[in-house]
Amino acid sequence: MGQKDRPNYWKNAALLTGSDVVLRLAGLGLRIGLANALGGEGMGLYQLVLAVYGLFVTLATAGISVAATRLLTEELSRDPASARGMLRRLLALGAGLGVLAMAAQAGLAGLAAKWWLGDVRAAGALRLSALGLPWMAVSAVLRGFFLARRRVGPNVASQLAEQTVRIGAVAAALYATPGRDAGERCTLVLGATALSEAVSCTLMALFCRGEARRCFGGKRAQTPPEASRRLWDILWPVEGGRVLASALHTAENMLVPACLAVYLTGAGGRAAALEQYGVLKGMALPLLTFPFGLLGSLAVLLMPEITQAHVLGQTARLNALLDRMLRLTGFFSALAAALFWCWGPDAAGLLYGSAEAGFYLQVLAPVLPLLYLESMVDGAMKGVGEQKAAFRYSVWDAVLRLAGVAVLLPRYGMRGFLAVMLLSTLYTCAANTGRLLFASGMPHAFRRWLGAPALAGALAAAAGTGLRQALALPLAGAFWPRLAALGAGGCATAGVFLLAAWPLGLGEELARMRG
C-alpha cells in the first residue's frame, strides 16, 4: 500500500468497521426479538427456511460477487473503457442469475416445504422471499464495483438503509400478528427481507450513476480482453463450489432435526428437535459470529489489496498483507473466545433467558480462533486465485459433516452435532490455511498467529472465570444489575487480555499499522 493511499485506506477501514458494528448490533437485536417472539420451535422453523433460502441466495450471488470485485479491480487498473464494458457484462449476468434463482425457489417452494423440510408451513415464506433474489444479485455486482474503486461509503449507506427497512417491516409484522401461527409470522419476516433488498439495490443503483460518471467519464464501453474466459474461470469454481456446498449444507440442516427427532423419541420428538436446533442456530451461533464483524471489515478491505499484489507479482507485499491478516485474526479471535468462555452463559441468560444457549456458547468458544481464521483465509484464497482449491475443501467438508450428522446425532443428540461442528472447523481451517501458504510461498508462523494469542486468551479466561464467580450474586438478580455486572466483567476480561497480548506481539502489530 502506497503512502498516499494510507489515509484513504484507514478512512475506509474506520467507516466500514463502524458501520458493520452498527449493522451487526441491529441484526443481533432483530435476532433477539425474533427469538422472543417466535420461541424455540418458531426459530427452528425460521432457520430451516433460511437454509433453503440460503441455497438460492448462493446461486444468485456467490460467483458474481467474487467475480465483480476481482475483475473490476483488474480492469480499473488497466483501462476505464474496458472496465465499463466489464461492469455491463457483470450486471447483465447478475440480473440473469437472480431471476433464475427466483424462479427456481418460487417453483420448488411447495416441494421443498413438504419433502425437504417436512413442514408445509415453510412454503409461503419460501415463495415470498424469492422476490428479493434479483435485487440481491444486482447489488452484489454494484458492491463489487465500489470495492474495486476503494469506496465503501455507498455500500455502507445502502446496507444501513436495508437493515433499517428490514427491522421496521419485521417489527410491524410481528406487532400486528400476536398469537398467530409460526409459519405465517415466518412468511411475513421473509417478506420484509425481500422488501429491504429492493430498497438497498435501488439506492446502490443511484450511487452507481454518479460514480460511473466520475470513473468512466465520456468513454464508451469496450469489450475487455478475454472477458468471457476470465469471467468463467472465476464464476464456475466459485459459483459451482458454493452452490454445491450450500446444497450439502441445506441437506445437513434438513437432516439435523430429523436425526435429533430419532434421538429424542418419547421426549417431544420433532417439536423438541426443532427447538434444540433453533436454540443453537438461531440464538447461540449469531452471538458467536457477532464479533466477526470487525474482522469481516478487514477482510473486505484487504481483498482488493491482496488481489492487486498477486496480479502485479509483489510477493513481499502480498506476504506482509497475509501475515498482518493472520496475526490480527489470531489476537481478535482469542479475545472473543475468552469472553464467550467466561461470560457466554450469562449473556445468553440475559438476552434469551436460555441456559441451553449459554451451554452452546461455552462449548464452542475454544474453537472460535479456528472458525474466524478459516473465514479470513477463505477470502484471501479468492484474492490469490485459489478458488478451485477452496471449492474442493468446502465440498469434502460438507460431505464429511453429512456423514457425521447421520452417524452421531441419532446416538448422541446435540452433543454429536457439536462434535461434528468442532471437527469440521478444524479440517477446513487446516486445509485452507495450508493451501494459502503454499500458493503464496509464505512460511508458516503459527506461534505468532495462534500461539501467542492463545496464551493471552488463556490468561484472560482464567482471570475472567475468577471474576465471574465473584459476581455470581448480581448476575442472578434483576436485568440492570445483571447487565452492569456483565459489562464490567467483560471489560475487565478484555483489559487483562490486552495487557497480556501487548508484549506478545499485539503492540508491535498495531505500531506497524500506524506507521
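S.K.: Help me out: how do you make sense of the overall build of the protein chain in this one?
M.R.: When helices and strands are counted, the protein chain shows 17 helices and 0 strands. What you see for the protein chain is a C-alpha radius of gyration of 23 Å, in line with the 24 Å of a compact globule of 515 residues. Each of the three principal axes of the protein chain carries a C-alpha extent, and together these read 65 × 60 × 40 Å. A separation threshold of at least 6 residues defines the contact pool for the protein chain, and within that pool the share at least 24 residues apart is 83%. Surface exposure of the protein chain reaches about 21,100 Å², of which carbon and sulfur atoms provide 67%. Distance from the positive charge centre (46 side chains) to the negative charge centre (27 side chains) of the protein chain: 5 Å.

S.K.: Please explain a nonpolar patch on the surface as it appears in this structure.
M.R.: Taken together, L108, L111, W115 and W116 make up a surface patch of nonpolar side chains, about 410 Å² in accessible area. Here W116 is to be found in helix α2 (residues 80–116). We classify W116 as partly exposed; its relative accessible area is 32%.

S.K.: Where do I start with the environment of W480 in this structure?
M.R.: Relative to the helices and strands, W480 resides in helix α17 (residues 479–514). Classification of W480 as exposed rests on a relative accessible area of 64%. Sequence separation of W480 and L350 is 130 residues, and the distance between their C-alpha atoms is 9.7 Å.

S.K.: Looking at this model, I keep getting lost on the state of the cysteines. Mind explaining?
M.R.: Simply put, the disulfide is a covalent bond whose two ends are the sulfur atoms of two cysteines. The final tally for this structure, using the stated rule, is 0 disulfides. Between C215, a free cysteine, and C208, which holds the nearest cysteine sulfur, the sulfur-to-sulfur gap is 9.1 Å. Here C342 stays unpaired: no disulfide links it, and the sulfur of C491, its closest cysteine neighbor, is 13 Å away. Owing to a relative accessible area of 2%, C342 belongs among the buried residues under this scheme.

S.K.: Looking at this structure, how should I read the packing of aromatic side chains?
M.R.: To describe a pair of aromatic rings, one takes the distance between the centres and the angle between the planes. Taken as a whole and judged by the stated rule, the model has 3 aromatic pairs. Judged by centre distance (5.9 Å) and plane angle (55°), the rings of F359 and Y360 are tilted. Overall, the relative accessible area of 43% leaves F359 in the partly exposed class. Given the relative accessible area of 3%, Y360 is considered buried. With centroids separated by 5.5 Å and ring planes inclined at 85°, the aromatic side chains of F446 and W449 adopt a geometry described as edge-to-face. Remark: W449 and F446 occur in helix α15 (residues 446–470); sequence separation between them is 3 residues, near one turn of the helix.

S.K.: Just to check I follow, could you spell out the packing of helix α8 (residues 269–289) against helix α11 (residues 355–364) for this structure?
M.R.: A packed helix pair is summarised by two numbers, namely the angle formed by the two axes and the spacing between the axes. Look at α8 against α11: their axes get within 9 Å of each other, and the N-to-C directions meet at 55°. Overall, the two elements α8 and α11 adopt an arrangement that is oblique. Every pair of crossing elements has a handedness; the one defined by α8 and α11 is right-handed. Side by side, α8 and α11 meet where Q276, V279, L280, M283, A284, L285, L287 and L288 of the first sit next to E356, A357, Y360, L361 and L364 of the second. The class makeup of the residues in the contact of α8 with α11 is 11 nonpolar, 1 polar and 1 charged.

S.K.: Please clarify how the nonpolar core should be interpreted in this entry.
M.R.: In this structure, L34, L280 and M325 are the most contacted members of the largest nonpolar core, which totals 100 residues. At 17 residues, the largest contribution of residues to this core is made by helix α1 (residues 6–76). For L34, the contacting residues outside a window of four places in its chain are G39, M43, Y46, V170, L174 and V189. Grouped together as the second largest cluster of nonpolar side chains are 28 residues, V66, A68, M204 and I234 included.

S.K.: Just to check I follow, could you spell out the pattern of salt bridges for this structure?
M.R.: Once the charged atoms of two side chains with opposite charge are near each other, the side chains can pair. Under the definition given, this model contains 20 salt bridges. Put simply, E162 and R166 hold a salt bridge, and the shortest N to O gap is 3.1 Å. Taken as a pair, E162 and R166 lie in helix α5 (residues 153–176) at a separation of 4 residues, close to a single helical turn. Of the two residues, E162 and R166, neither departs from the other in class, the shared state being buried. For R327, the salt bridge identified is with E508, shortest N-O distance 3.5 Å. Here R327 is found in helix α10 (residues 315–351), whereas its partner E508 is found in helix α17, with 181 residues between them in sequence.

S.K.: Sorry if this is basic, but what is going on with helix α14 (residues 414–440) here?
M.R.: Structural remark: α-helix, 3.6 residues per turn; residues separated by three or four positions point the same way. Between its first and last C-alpha atoms α14 spans 39 Å; for 27 residues at 1.5 Å apiece the expected length is 39 Å, and the two agree. Once α14 ends, the next one or two residues include G441, with phi positive near 70°.

What counts, and at which threshold
- The written sequence of each chain sets the order in which its residues are numbered from 1.
- Under the rules for a predicted model, residues below a pLDDT of 70 receive no local features and side-chain atom pairs below 80 are neither given nor counted, while totals for whole chains, interfaces and linings still include all residues.
- Excluded from the side-chain calculations are hydrogens and water; all other atoms, namely the structure's heavy atoms, are used.
- Secondary structure counts use DSSP, requiring at least four H or I residues in a row for a helix and at least two E residues in a row for a strand, with both numbered from the N terminus.
- Note on method: radius of gyration uses C-alpha positions; expected globular size equals 2.2 Å times residues raised to 0.38.
- What makes two residues a contact is simply this: any of their non-hydrogen atoms within 4.5 Å.
- Shrake-Rupley sampling with a 1.4 Å probe provides the accessible areas, and residues are treated as covered by the protein chains on show and by no other component.
- For the purpose of charge, His is not counted, nor are the chain termini; Lys and Arg are scored as positive and Asp and Glu as negative.
- Where a charge sits is defined by one atom per residue type, namely NZ (Lys), CZ (Arg), CG (Asp) or CD (Glu).
- Residues enter patches when they are more than 30% accessible in relative terms and free of salt bridges; like-charged ones are connected within 9 Å and nonpolar ones (Val, Leu, Ile, Met, Phe, Trp, Tyr) within 5 Å.
- Every case where a carboxyl oxygen of Asp or Glu lies within 4 Å of a side-chain nitrogen of Lys or Arg is listed as a salt bridge.
- The rule is simple: take the accessible area with a 1.4 Å probe, protein chains only, and divide by the maximum for that residue type; under 20% is buried, over 50% is exposed, in between is partly exposed.
- Defined by distance alone, a disulfide is two cysteine sulfur atoms within 2.5 Å.
- Aromatic rings from Phe, Tyr and Trp, taking only the six-membered ring of Trp, are treated as a pair when their centres fall within 6.5 Å; an angle between ring planes under 30 degrees marks them as stacked, one over 60 as edge-to-face, and anything in between as tilted.
- All axes are obtained by fitting lines to C-alpha atoms, using only the stretch in contact for helices, and the reported angles, taken between N-to-C directions, cover 0 to 180 degrees.
- Our angle categories are set so that under 35 degrees counts as roughly parallel, over 145 as roughly antiparallel, 65 to 115 as roughly perpendicular, and the remainder as oblique.
- Handedness of a crossing is defined here by the sense of rotation of the near helix relative to the far one, left-handed for an anticlockwise turn of less than a right angle and right-handed for a clockwise turn.
- Amino acids are sorted into nonpolar (Ala, Val, Leu, Ile, Met, Phe, Trp, Tyr, Cys and Pro), charged (Asp, Glu, Lys and Arg) and polar (every other residue, Gly among them).
- Nonpolar core, defined: a set of buried Ala, Val, Leu, Ile, Met, Phe, Trp, Tyr and Cys residues in which side-chain atoms within 4.5 Å join the residues together.
- In this analysis, the expected span of each helix is defined as 1.5 Å times one less than the number of residues it contains.

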